[in-house]
Amino acid sequence: LFEASVMVPADLAGVASDGASGSALLKFSQELGLAFQVADDLEDQGSAWEPDHILYYVSREKAADQTARGLRSAADALSSVWGAHAQSLVRISEE
């Protein structure tokens with residue numbers, strides 16, 4: 001869902017998905033989607049973790065830390081390619 005919400009408009013605007021601009025958008029959208037899923041999983045306190053759940057494999061703290069680092073890295077890459085045009089998306093990732 002996050003990937004489509006970023007990549008469909010990029011495609012309509014003619015951004016090549018295999019270029020630096022498109023790759024930065026794709027990575028950012030994937031990391032944003034992952035961050036949303038991990039945040040949702042972290043809110044499911046008290047659940048019995050199944051193998052399809054990130055907390056089955058890592059601690060809550062490690063999951064939150066790894067997710068935050070991945071999203072920050074993707075946001076930095078997006079900013080380096082898109083400059084000021086990336087700021088709206090970067091602000092979303094900071095919430």
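Look up: the structure comes first, before these words.
As the structure is a computational prediction, the values presented were derived from the model and not from experiment.

Draft legend 1. Structural detail: the layout of surface pockets. In this structure, the largest pocket encloses a volume near 320 Å³. What lines the largest pocket is a set of 16 residues, and nearest its centre among them are Leu32, Ala35, Leu71, Ser93 and Glu95. Among the secondary structure elements, those contributing two or more residues to the lining of the largest pocket are α2 (20-43), α3 (60-82) and α4 (87-93).

Draft legend 2. View of the packing of aromatic side chains. Counted according to the given criterion, the structure contains 2 aromatic pairs. Arranged with centres 4.9 Å apart and planes meeting at 75°, the rings of Tyr56 and Tyr57 form a pair that is edge-to-face. Residue Tyr56 is classed as partly exposed on the basis of its relative accessible area, which comes to 44%. Under the relative-accessibility criterion, Tyr57 is labelled exposed at 57%.

About the criteria used
Sequence positions are assigned chain by chain, starting from 1 and proceeding in written order. Reporting of local features is limited, given that this is a predicted model, to residues whose pLDDT is at least 70; pairs of side-chain atoms are given and counted only at 80 or more, and all residues count toward the totals for whole chains, interfaces and linings. Just so you know, side-chain values use all the structure's heavy atoms and leave hydrogens and water out. Using a 1 Å grid laid over the protein atoms alone, points where a 1.4 Å probe fits but cannot get out form a cavity; open sets with protein on both sides within 12 Å along at least 5 of 7 lines form a pocket; any residue with an atom within 4 Å of a point counts as lining. Grid points are joined across faces, edges and corners, and a volume is the space filled by probe spheres set on the points. Each helix is a run of H or I in the DSSP string that is no shorter than four residues. Each strand is a run of E no shorter than two, and both are numbered from the N terminus. Classification of ring pairs rests on two measures: the distance between centres of Phe, Tyr or Trp rings, Trp counted by its six-membered ring, which must be within 6.5 Å, and the angle between planes, read as stacked under 30 degrees, edge-to-face over 60 and tilted in between. Three labels apply to residues, based on accessible area from a 1.4 Å probe with only protein chains included: buried if under 20% of the type maximum, exposed if over 50%, partly exposed otherwise in between.

All we've got here are geometric facts, nothing functional implied.
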